[in-house]
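# Architecture at a glance
One letter stands for each residue in the lines below.
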Amino acid sequence: MSGAEFWRDLAPEYLRAVRERAPLVQCITNFVTVNDCANVILAAGGSPTMAHDLREAEEAVAGVQALVLNLGAIEDVQAMLLAGKRANALGIPVVLDPVAAGVTSLRREWSRRLLSEVRFSVIRGNASEIKALAQGRGGGSGVDVSAGDAVTAETLPQAAALTRALARRTGAAVVLSGAVDAASDGRRTVLLRGGCPTMARITGSGCMLTALTGAFCGAVPGDPLGCAVAAAAAMGVCGERAEALRLQNGTGNATFRTDLIDAVFNLTEAQLREGGRYEAYEG
Amino acid sequence: MSGAEFWRDLAPEYLRAVRERAPLVQCITNFVTVNDCANVILAAGGSPTMAHDLREAEEAVAGVQALVLNLGAIEDVQAMLLAGKRANALGIPVVLDPVAAGVTSLRREWSRRLLSEVRFSVIRGNASEIKALAQGRGGGSGVDVSAGDAVTAETLPQAAALTRALARRTGAAVVLSGAVDAASDGRRTVLLRGGCPTMARITGSGCMLTALTGAFCGAVPGDPLGCAVAAAAAMGVCGERAEALRLQNGTGNATFRTDLIDAVFNLTEAQLREGGRYEAYEG
Amino acid sequence: MSGAEFWRDLAPEYLRAVRERAPLVQCITNFVTVNDCANVILAAGGSPTMAHDLREAEEAVAGVQALVLNLGAIEDVQAMLLAGKRANALGIPVVLDPVAAGVTSLRREWSRRLLSEVRFSVIRGNASEIKALAQGRGGGSGVDVSAGDAVTAETLPQAAALTRALARRTGAAVVLSGAVDAASDGRRTVLLRGGCPTMARITGSGCMLTALTGAFCGAVPGDPLGCAVAAAAAMGVCGERAEALRLQNGTGNATFRTDLIDAVFNLTEAQLREGGRYEAYEG
């Protein structure tokens, strides 16, 4: 059921849905990578709105198909809470990126509060962020480099266990991004191999994946795990395509960022079908 | 008088003025596209300042040649009001981008207030934004995708009428951006054909045009309609040049954004003269 | 001791230190260029965090190796003060970019206050900014175009004198950026020739150099002048490499920006050794 073949078929189908339905995705997201998040949603075929002002963020939710809350915009966390609750009331999927969730007391307090007051469809973070949410304590150092914490073969069982534990606790599909991504809804756990180390040499690869996940959730609101896996697979395939260009042309991280968004723009269903590398995890 | 030949001569002359006078343009503009707005002003030959803090935005106006107010920065709207009034008092042209003017009650309220308390030289928006200002009510969905609303052959008469109506009501030159742009000062109405659909697949093409319009107004303060038309023509020509590169190289929206700003940097008076497609509208 | 040979050997060594130690650099920096600042730190081999919220900026300092305060983020200046004092208490180097320090009364007041309450390892600005700090009064016009004020052969003695004077007054290593950069710790003064005029045609070349200086200071905390000179030399060499590509490919300022960050990503110790042009200044 959740074997590789299942995901290989599902991801391109959901990509097509994003293009056909062009979901409007509201992101309350940090100022460091907000432009990239908007452009990656547009690249995928969605439409972004970055309405985040406390006086209108909640009202704006009524017109969108998905809501993305990125804790990097910690100054807007009150707006996130109101918008998240409103989205819950309206049945609109909410995606959380718990940027640096465990690093400061402010973020620990607010990530706890968001988890207790908002129901998330998907939570996507790096190892230290997912760990902070799952265990309720600090860890990690990078605030904006969401892809910075490597998940290696040795740490994979622990990463998968954390992912599943947080999914069970929250009811969300959880994605832990690393050299290998783990995704789980508490019952099924999937590993994704893809991407490249250069993704950790730009700011925003994690934020962009979260925004992209929002676009998938806006297009296919009933399947959080499917959307989370499809978006992560798409980003992984695009990361590999951008990395091939970087190696071929001798460019650096700035061109890589541009090529990554371009790859999302040009991503075909066939590329996604052939490029996604999924593995059911029984751990 | 306002025939195609008139604009074909005027636009390159105003572009030369921007390069010669290097106007300092203050933008109170949204965090999503602020970097692109600064870089497009620099590309055109102007100099940007993004001073937006309520405690200094008004004071900063005294040193600039034009002021751009972008309603996407709704959190800075009080600073916009003060800076706008100060610019009026000093005779400095003010350009308004009514981003998502009709989408939330906060934006409806503030766009009404800005229109009643500040005199604008140019107002530039997409169809739903101009409609919201002209009719005083909501419409549209995209908050940050200013180029998202298509103006087609069928809707062109209505778009031109809205543009002229808002120009008459406000005294500003008004530009309604779409597949075809309409510009009017209430007496003369001009249509511009140019650009490309990829402009709606990046965030900020509308904001960049507004910023560019500010640079033209800073260089030629006495001719709002001329500046608005020249800037829109320049952006249209540059959009076509960037699109040609995208199709030739198989790149995507992120490279397109870079190529668009590069095209402004490299735009020659001859390119603008030959590329601008103007049509007087008698409707 | 401070001859060209000395710096030629030191700069590549410090670049290697950045790559080996991968310092975490906290930047409280303006929203216009924050993405570029994060990406240039990543390009150099460091890791950025842009934590700037007043409620956590001070706490976040404890985990970083260097702190960068960019006055362009004038809305966060209270957070800068707290974070700067904390960094002083912890012995973490602090770098200041006094963006538009003399342009508004708010900035004059706060730059005075920051200078009196925080000890800086490095202060880096353009001519009018360094002048404003050194003389305690206004000057200049550009708020975000930090590289806008040219230092020519005629003004070089004055620029070097200002640089040395501010260094003596503050105890910081001071870098005045221009067509020629001057750097001084109050005893030694060094001139750097490098870069290109296109650096003044993008927003953020100054902010990026300041962020890069933070990465060097985080890797080699005991030598502010060495770090300031090495970072400025690196940016100059990269600016020349990006300019060569621009001229070769006929691109513009947007591609130049991307190529500049790529050049930092790909900068080798040999390139930096061969490209740096230093000159001891005895004036």
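Everything below is about the structure printed above this text.
Residues numbered from 1 in each chain as written. Chains lettered and ligands numbered in written order. Predicted model: local features only at pLDDT ≥ 70, side-chain atom pairs only at ≥ 80, totals over all residues. Heavy atoms only, no water.

## Observations concerning the sheet that holds strand β2 (residues 47–49) of chain A
All names here are of chain A. Stated formally: Note: two strands are recorded as paired if DSSP finds a minimum of 2 bridges between them. A run of DSSP states H or I qualifies as a helix once it reaches four residues; a run of E qualifies as a strand once it reaches two. Both are numbered from the N-terminal end. Here, axes are lines fitted to C-alpha atoms. For helices the fit covers the stretch in contact, and angles between N-to-C directions go from 0 to 180 degrees. The contact definition used throughout considers only heavy atoms, calling two residues in contact when any of these lie within 4.5 Å.
Within the open sheet, the nine strands sit side by side as β2-β1-β3-β4-β5-β6-β7-β8-β9. Their pairing is mixed. Edge positions in the sheet fall to β2 and β9 (277–280), since each has one partner strand and no second. Between one strand axis and the next, the sheet turns through 20° on average, direction left out of account. Across four bridges, strand β1 (residues 24–28) lies against strand β3 (residues 66–70) in parallel orientation. Counterpart to Gln26 in the pairing with β3 is Leu67. Sitting on the sheet, helix α4 (residues 77–90) is in contact with β1, β3 and β4 (94–97), with an inclination near 155° to β3. Sitting on the sheet, helix α6 (residues 127–135) touches β4, β5 (122–126) and β6 (173–177), and the angle it makes with β5 is about 125°.

## What about the relation of the copies chain B and chain A?
Two copies of one chain are present, and they are related through a rotation about an axis combined with an axial shift. The criterion, for reference: Least-squares fitting of one copy onto the other uses the C-alpha atoms of those residues that reach a pLDDT of at least 70 in both copies.
In the superposition of chain B on chain A (RMSD 0.0 Å, axial shift 0.0 Å), the rotation amounts to 120°. One copy is carried onto the other by what is essentially a three-fold rotation axis. Proximity to the rotation axis, assessed at the C-alpha, singles out Phe31(B) in chain B; its C-alpha lies 3.7 Å from the axis. A different interface surface on each copy is seen, since only 3% of the contact residues of chain B are contact residues in chain A too.

## Brief notes about the interface of chain C and chain A
Note the cut-off: Defined in terms of a 1.4 Å probe, buried area is the accessible area two parts forfeit on being brought together, summed over both. Throughout this description, the term salt bridge denotes a Lys or Arg side-chain nitrogen within 4 Å of a carboxyl oxygen of Asp or Glu. Any pair of N or O atoms that falls within 3.5 Å is considered a polar contact. Within protein, one atom must be able to donate a hydrogen and the other to accept it, and sequence-neighbouring residues count only if both atoms are side-chain atoms.
With 26 residues of chain C at the interface, the matching set in chain A holds 29 residues. Across the chain C to chain A interface the summed buried area is about 2300 Å²; carbon plus sulfur atoms make up 52%. Per-residue buried area on chain C facing chain A is highest for Leu42(C), Glu56(C) and Phe265(C); these three make up 24% of the total on that side. Across the chain C-chain A interface, the total number found is two salt bridges. With a closest N to O distance of 2.5 Å, Arg107(A) and Glu56(C) form a salt bridge. Linking chain C with chain A are 17 residue pairs in polar contact (both at pLDDT 80 or more), by the criterion used here. Top contributing element to the side of chain C that touches chain A by residue count: helix α2 (residues 34–44) of chain C, with six residues.

## A few points about the environment of Pro12(C)
Residue and element names in this part refer to chain C. Selection criterion: Relative accessible area decides the class of each residue, using a 1.4 Å probe on protein chains only: under 20% of the type maximum gives buried, over 50% gives exposed, and in between gives partly exposed.
Structurally, the position occupied by Pro12 is in helix α1 (residues 4–21). Taking relative accessible area as the criterion, Pro12 reaches 1% and is therefore assigned buried. Separated by 260 residues in sequence, Pro12 and Leu272 have C-alpha atoms that sit 6.0 Å apart.

## Details of the interface of chain B and chain A
The condition that has to hold: Throughout this entry, Asp, Glu, Lys and Arg are counted as charged residues, while Ala, Val, Leu, Ile, Met, Phe, Trp, Tyr, Cys and Pro are counted as nonpolar. The remaining residues, Gly among them, count as polar.
Counting residues at the interface gives 29 residues for chain B and 26 residues for chain A. Around 2300 Å² of area is buried between chain B and chain A when both sides are counted, 53% of it from carbon and sulfur atoms. When residues of chain B are sorted by the area they lose upon contact with chain A, Phe31(B), Arg201(B) and Asn253(B) head the list and together hold 25% of the total. Where chain B meets chain A, there are two salt bridges. Glu59(A) serves as the salt-bridge partner of Arg108(B), at 3.8 Å between the closest nitrogen and oxygen. Connecting chain B to chain A are 17 residue pairs in polar contact (both at pLDDT 80 or more). Of all the secondary-structure elements, those providing two or more residues to the side of chain B that touches chain A are α5 (105–117) and α10 (253–266) of chain B. Here the side of chain B that touches chain A is composed, by residue class, of 11 nonpolar, 10 polar and eight charged.

## Structural notes on the relation of the copies chain C and chain A
Superposing chain C onto chain A takes a rotation of 120° combined with a translation of 0.0 Å along the rotation axis, leaving an RMSD of 0.0 Å. In this assembly, only 4% of the residues forming the interface of chain C have copies in chain A that are likewise at the interface, indicating a heterologous arrangement.

## Examining helix α1 (residues 4–21) of chain B
Residues and elements named next belong to chain B. Put simply, the test is: By this rule the span expected of a helix is its residue count minus one, scaled by 1.5 Å.
Under the 1.5 Å per step criterion, the end-to-end length of α1 is 26 Å for 18 residues, consistent within 8% with the ideal 26 Å. Residues Trp7, Leu10, Ala11, Pro12, Tyr14, Leu15, Ala17 and Val18 constitute the buried set of α1. Packing partners of the buried residues in α1 comprise α2 (34–44), β8 (189–193), α8 (205–219), α9 (224–249), α11 (269–275) and β9 (277–280). Just downstream of α1 lies Ala22, where phi reads positive at about 40°.

## A few points about the state of the cysteines
Defined as follows: Any pair of cysteine sulfurs within 2.5 Å is marked as a disulfide.
Under the definition given, this model contains zero disulfides over all chains. As a non-bridged cysteine, Cys238(B) has Cys196(B) as the owner of its nearest cysteine sulfur, 11 Å distant. Residue Cys238(B) is classed as buried on the basis of its relative accessible area, which comes to 0%. With no disulfide of its own, Cys217(C) lies 4.4 Å from the sulfur of Cys227(C), the closest cysteine sulfur. Residue Cys217(C) is classed as buried on the basis of its relative accessible area, which comes to 2%.

By themselves, these are just geometric observations and shouldn't be taken as functional.
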